[in-house]
Amino acid sequence: MDGYTRKVNTFLFFKLPSAWWCGVRLRELTDQYAVTAVRYRWMNQNPFRSMFWAVQGMAAELATGALVSREIRKSGRGVSMLVLKNKAHFTKKARGRIRFRCEDGARLRETLEKVLDTDKGETIWMTAIGRDEAGDVVSEFHFEWTLKARNL
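Thresholds applied
- Residues numbered from 1 in each chain as written.
- Predicted model: local features only at pLDDT ≥ 70, side-chain atom pairs only at ≥ 80, totals over all residues.
- Heavy atoms only, no water.
- Helix = DSSP H or I, 4+ residues; strand = E, 2+ residues; numbered from the N terminus.
- Expected span 1.5 Å × (residues − 1).
- Buried < 20%, exposed > 50% of the residue type's maximum accessible area, 1.4 Å probe, protein only.
- Arc of directions from axis to C-beta.
- Contact = heavy atoms within 4.5 Å.
- Axes fitted to C-alpha atoms, helices over the stretch in contact; angles between N-to-C directions.
- Parallel < 35°, antiparallel > 145°, perpendicular 65-115°, else oblique.
- Left-handed = near helix turned anticlockwise from the far one by under 90°.
- Nonpolar A, V, L, I, M, F, W, Y, C, P; charged D, E, K, R; others polar.
- Pairing = 2+ DSSP bridges.
- Phe/Tyr/Trp six-rings, centres within 6.5 Å; stacked < 30°, edge-to-face > 60°.
- Lys NZ or Arg CZ within 6 Å of the ring centre and 35° of its normal.

Engineer: Which parts of the structure should I look at to understand helix 1 (residues 3-15)?
Structural biologist: Along an α-helix, residues three or four apart share an orientation, since each turn contains 3.6 residues. Relative to the 18 Å expected for 13 residues at 1.5 Å per residue, helix 1 spans 18 Å between its end C-alpha atoms, a close match to the ideal helical length. Burial in helix 1 covers these residues: Thr5, Val8, Asn9 and Leu12. Viewed end-on, helix 1 has its buried residues packed into an arc of 95°, placing them on one side of the element. Summarising the geometry of helix 1, the exposed residues directed more than 90 degrees from the buried face are Arg6, Lys7, Phe14 and Lys15. Elements in contact with the buried residues of helix 1: helix 2 (17-22), strand 1 (25-29) and helix 3 (53-75).

Dropping the structure here:
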């Protein structure tokens, strides 16, 4: 875990405490992908003995949002980011450790370049796929992020 990943997890504690208390953590962050993890436990359960869908959503959103935030920071420019829409699909009960992986780094960079070159807002759909310890897909989340250059 690098220093930036630790900073993001500290940020969770202070700014998104519900995600932190539920066990959501950023595990890996590169130019190409982000990985978050959350373990099924009493704090994040639903009545059906699996992980509550909203906890999965927090972990999935963090996987996409960490990529967006990192690219904006690397650009050195002011860019606003906001989730406009999201969709989810669930295929299996989420038990044990669930890892969400978003591999949209390259597409994100292209979109951010457009935003910075044209000063027009752009949207991008990003996907985070959640897998259990056996590698089975338990859920898939899609987030439509809006990006817009700030006029300073």
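Engineer: Please clarify how the packing of helix 1 against helix 3 should be interpreted in this entry.
Structural biologist: Helix packing geometry: the angle between the two helix axes and the distance between the axes. For the pair helix 1 and helix 3, interaxial distance at closest approach is 12 Å and the crossing angle is 120°. Taken as axis vectors, helix 1 and helix 3 run oblique relative to one another. When the axes of helix 1 and helix 3 are compared, the crossing they make is right-handed. Together, Tyr4, Val8 and Leu12 of helix 1 and Leu62, Ser69, Arg70 and Arg73 of helix 3 make up the contact between the two elements. Class assignment of the residues belonging to the contact of helix 1 with helix 3 gives a composition of four nonpolar, one polar and two charged.

Engineer: Honestly, the pairing of strand 6 (residues 137-149) in this entry has me stumped. Any pointers?
Structural biologist: Consecutive side chains of a regular strand alternate in pointing toward one face of the sheet and then the other. Where strand 3 (residues 79-90) meets strand 6, eleven bridges bridge the pair, whose relative direction is antiparallel. Pairing of Val79 across the sheet is with Ala149, part of strand 6. Looking at chain direction, strand 5 (residues 122-131) and strand 6 are connected through ten bridges and run antiparallel. The partner of Met126 across the bridge, within strand 6, is Phe143.

Engineer: I tried to follow the packing of aromatic side chains on my own but got confused; where do I start?
Structural biologist: Each aromatic ring pair is characterised by the separation of its centres together with the angle its planes make. Evaluated as defined, the whole model comprises seven aromatic pairs. Arranged with centres 4.8 Å apart and planes meeting at 80°, the rings of Phe13 and Trp20 form a pair that is edge-to-face. Since its relative accessible area comes to 33%, Phe13 is described here as partly exposed. Classification of Trp20 as partly exposed rests on a relative accessible area of 23%. Counting every residue linked through ring pairs, the aromatic cluster contains Phe13, Phe14, Trp20 and Trp21. The residue whose ring lies beneath Lys87 is Trp125, and the NZ or CZ to ring-centre distance is 4.7 Å. When the ring centre of Tyr33 is taken as origin, the NZ or CZ atom of Arg101, which lies over that ring, is 3.8 Å away.

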